[in-house]
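Analysis of the macromolecular model
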Amino acid sequence: MAPRRLILRTPDSYALSGVVAAIATGEVLGGRVKPGAWSAAECLDAAAVFARLAGDPLVTQAEIR
């Protein structure tokens, strides 16, 4: 499979970083992330995160290429 890119457009990238942090925190608190230090790519479901970001009011455009 060829590499893919996620493209998001937002007027406030700092706030969007906060949304991603909130998603990750929810996954940790929900027990869906094993204990330890992980990058988001290692422990979060990419399709689920994309769906949540695409539906966030901060995101004005979301696509996968």
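Structural notes, computed from the coordinates. (Residues numbered from 1 in each chain as written. Predicted model: local features only at pLDDT ≥ 70, side-chain atom pairs only at ≥ 80, totals over all residues. Heavy atoms only, no water.)

**As for helix H1 (residues 13-29)**
- Counted at 1.5 Å a residue, the expected span for H1 with its 17 residues is 24 Å, and the 24 Å between its end C-alpha atoms agrees.
- Regarding H1, the residues found buried are Leu16, Val19, Ile23 and Glu27. Along the long axis of H1, the arc covered by the buried residues comes to 75°, so they all point the same way. Exposed residues pointing more than 90 degrees away from the buried face of H1 are listed as Tyr14 and Leu29.
- Buried positions along H1 lie against strand E1 (6-9) and helix H3 (46-54).
- Two or three places before Tyr14, at the start of H1, stands the capping residue Asp12, its side-chain oxygen 3.2 Å from that residue's backbone nitrogen. (Helix = DSSP H or I, 4+ residues; strand = E, 2+ residues; numbered from the N terminus. Expected span 1.5 Å × (residues − 1). Buried < 20%, exposed > 50% of the residue type's maximum accessible area, 1.4 Å probe, protein only. Arc of directions from axis to C-beta. Contact = heavy atoms within 4.5 Å. Polar contact = N/O pair within 3.5 Å; in protein donor to acceptor, adjacent residues only side chain to side chain.)

**Details of the pattern of salt bridges**
- Inspection of the entire model under this criterion finds three salt bridges.
- The salt bridge partner of Glu27 is Arg32, with a shortest N-O separation of 3.0 Å.
- The shortest N-O distance in the salt bridge between Glu27 and Arg52 comes to 3.9 Å. Of this pair, Glu27 sits in helix H1 while Arg52 sits in helix H3; the two residues are 25 residues apart in sequence, bridging distant segments of the chain.
- When its relative accessible area of 19% is taken as the criterion, Glu27 is described as buried.
- In the salt-bridge network here, residues are joined through shared partners; they are Glu27, Arg32 and Arg52. (Salt bridge = Lys/Arg side-chain N within 4 Å of Asp/Glu carboxyl O.)

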